There are 2 protein chains.
Amino acid sequence: MNFSSKLIEEAVNEFAGLPGVGRKTALRFVLHLMKLSEEEAQKFGGTVIRLRKELKHCKTCHNVSDKELCDICSGHQRDHSTVCVVEDIRDVMAIENTQQYRGVYHVLGGIISPMDGIGPSDLNIETLVERVKGGEVKEVIMALSTTMEGDTTNFYIYKRLKDHKINVSTIARGIAIGDELEYADEVTLGRSIVNRTPYEKTLTAK
Amino acid sequence: MNFSSKLIEEAVNEFAGLPGVGRKTALRFVLHLMKLSEEEAQKFGGTVIRLRKELKHCKTCHNVSDKELCDICSGHQRDHSTVCVVEDIRDVMAIENTQQYRGVYHVLGGIISPMDGIGPSDLNIETLVERVKGGEVKEVIMALSTTMEGDTTNFYIYKRLKDHKINVSTIARGIAIGDELEYADEVTLGRSIVNRTPYEKTLTAK
């Protein structure tokens, strides 16, 4: 593409670096931004700069936060003996939105994926082991994707934690609510039968 | 959505204002930006701010440029007697990429659309009339979308220009190259027969 200005080309290149954004979409963004008022543009650009400068990772659970310790980790009403292990902060938000979980989190910052060159040492696994060693944790809930990478990570963490006297569980796999049985894949359907739930339990859940 | 930080929420709101971006996509962008180095984030944010500050519109054709007069309008090898009227700067880029056009442009900045409250006075039509009055222009090529709004704009501009001794033409409508006839819509196919081209002309075109 020929751009009529070097600056537009630069801006398109910046936006095309965002995940899932090609050069055509980037150009749409840039043309939109040009229509903003000077004040709005200043705010937009400033937010991007502040994002990198001011955001920290919680020193306990690695969730993003503007403080040393995130709101969840510093919350007195949370159950600090239950730790839910997730891949990234989007999963924290997703679980928080269910309003079904009162424990705390541990954000790995990724999953073990040899194909992408991500090994256990690239993730926040050591700090999880340290937290468990601390003695306060009684249960670790693994809430990772059901992919090969997720399973590998589950297994690795399970092996690292199994000598400590805690329970390690994974979130339930099964037929999603609203799904029809005949369209479910075999593995999910199979697992949902093997890991069936006592009927009374489904009554107490929301 | 619950965000673990006020700043993330602000950033998501900023990005969700971009065309075609929802809050989930905006969050993906924000998480990506957090992984940039401080220098890269500074550059990204700075580009957004500079975009609004430094970019001007060419005083002749209203194309964006970092100068008073854009490269096309100040180009000595361009044919300044032919003006191609387009809706926005993306169309200029698209036509420039064909490398088939050596004239200059006039960017309207939109099309007449009563539904969106855009009338002739909101567009750069007066300056086009002034350019034509100047006497250098011999032909105006209308290159707008084939929508009702495009047709209305074509007609309005044609009426404004018809008393001046210039040719007003529109770009050819017809079956796109590579398209199969049986899937073409009736209006396009009909027009392509009415406005058929002498065979020898198709040989000289690229």
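Residues numbered from 1 in each chain as written. Chains lettered and ligands numbered in written order. Predicted model: local features only at pLDDT ≥ 70, side-chain atom pairs only at ≥ 80, totals over all residues.

## Considerations on the overall build of chain A
Logical step 1: A count of helical and extended segments in chain A gives 8 helices and 6 strands.
Logical step 2: Counted from the first residue to the last, chain A has its helices and strands arranged as α-α-α-β-β-β-α-β-α-β-α-β-α-α.
Logical step 3: In terms of principal-axis extent, the alpha carbons of chain A reach across some 65 × 45 × 35 Å.
Logical step 4: Taking all 206 residues of chain A together, the buried fraction comes to 27%.
Logical step 5: Relative to all contacts within chain A whose residues are 6 or more apart in sequence, the contacts with residues 24 or more apart total 44%. (Helix = DSSP H or I, 4+ residues; strand = E, 2+ residues; numbered from the N terminus. Buried ≥ 20, exposed ≤ 12 C-beta atoms within 10 Å, placed from the backbone. Contact = placed C-beta atoms within 7 Å.)

## Considering the domain arrangement of chain A
Logical step 1: Taken domain by domain, chain A comprises domain 1 (6-54), domain 2 (64-171) and domain 3 (172-206).
Logical step 2: One C-alpha centre belongs to domain 2 of chain A, the other to domain 3 of chain A; they are set 24 Å apart. (Domains from an automatic or database assignment.)

## Some thoughts on the interface of chain A and chain B
When the parts of a complex come together, some accessible area is lost, and that lost area is often taken as the interface size.
Logical step 1: The partner chain B presents 49 residues to the 49 residues of chain A that form the contact.
Logical step 2: Secondary-structure elements contributing two or more residues to the side of chain A that touches chain B are α1 (6-16), α2 (23-34), α3 (38-54), β2 (64-65) and α4 (89-98) of chain A.
Logical step 3: A per-element tally of the side of chain A that touches chain B places α3(A) first, with 14 residues.
Logical step 4: Taken together, the residues of the side of chain A that touches chain B break down into 25 nonpolar, 11 polar and 13 charged. (Nonpolar A, V, L, I, M, F, W, Y, C, P; charged D, E, K, R; others polar.)

## Observations concerning the sheet that holds strand β5 (residues 139-142) of chain A
Residues and elements named next belong to chain A.
Logical step 1: With respect to topology, 4 strands assemble into an open sheet ordered β4-β3-β5-β6, the strand pairing being parallel. Strands at the two margins of the open sheet, each flanked by one partner only, are β4 (103-107) and β6 (167-170). When the angles between neighbouring strand axes are averaged without regard to direction, this sheet yields 25 degrees.
Logical step 2: Across 4 bridges, strand β3 (residues 79-86) lies against β5 in parallel orientation. By the bridge assignment, V83 is partnered in β5 with V140. (Pairing = 2+ DSSP bridges. Axes fitted to C-alpha atoms, helices over the stretch in contact; angles between N-to-C directions.)

## What to know about helix α3 (residues 38-54) of chain B
At 3.6 residues per turn, the α-helix brings residues three or four places apart onto the same side.
Logical step 1: For α3(B), spanning 17 residues, the distance from its first C-alpha to its last is 23 Å, which sits close to the expected 24 Å at 1.5 Å a residue.
Logical step 2: Taken as a whole, α3(B) has its buried residues at F44(B), G45(B), T47(B), V48(B) and L51(B).
Logical step 3: Buried residues in α3(B) make contact with α1, α2 and α3 of chain A together with α2 (23-34) of chain B. (Expected span 1.5 Å × (residues − 1).)

## Considerations on the nonpolar core
Logical step 1: If you look at the biggest cluster of nonpolar residues, it comprises 84 residues, and the most contacted ones within it are V30(A), V85(A), Y105(A), V30(B), V85(B) and Y105(B).
Logical step 2: Sorting elements by how many residues they give to this core places α1(A) first, with 5 residues.
Logical step 3: Ignoring any residue separated from it by four or fewer positions in sequence, one finds V30(A) in contact with I8(A), A11(A), V12(A), F15(A) and L51(B). (Core = buried A, V, L, I, M, F, W, Y, C linked by C-beta atoms within 7 Å.)

## A few points about helix α6 (residues 148-161) of chain B
All names here are of chain B.
Logical step 1: Compared with an ideal rise of 1.5 Å per residue, which puts 14 residues at 20 Å, α6 spans 20 Å between its outermost C-alpha atoms and is within 8% of the ideal.
Logical step 2: Taken residue by residue, α6 has T153, N154, I157 and L161 as its buried positions. The arc that holds every buried residue of α6, seen down its axis, measures 105 degrees, which confines them to one face. Of the exposed residues in α6, the ones pointing more than 90 degrees away from its buried face are M148, F155 and K159.
Logical step 3: Where α6 is buried, its residues contact β3 (79-86), α5 (126-133), β5 (139-142) and β6 (167-170). (Arc of directions from axis to C-beta.)

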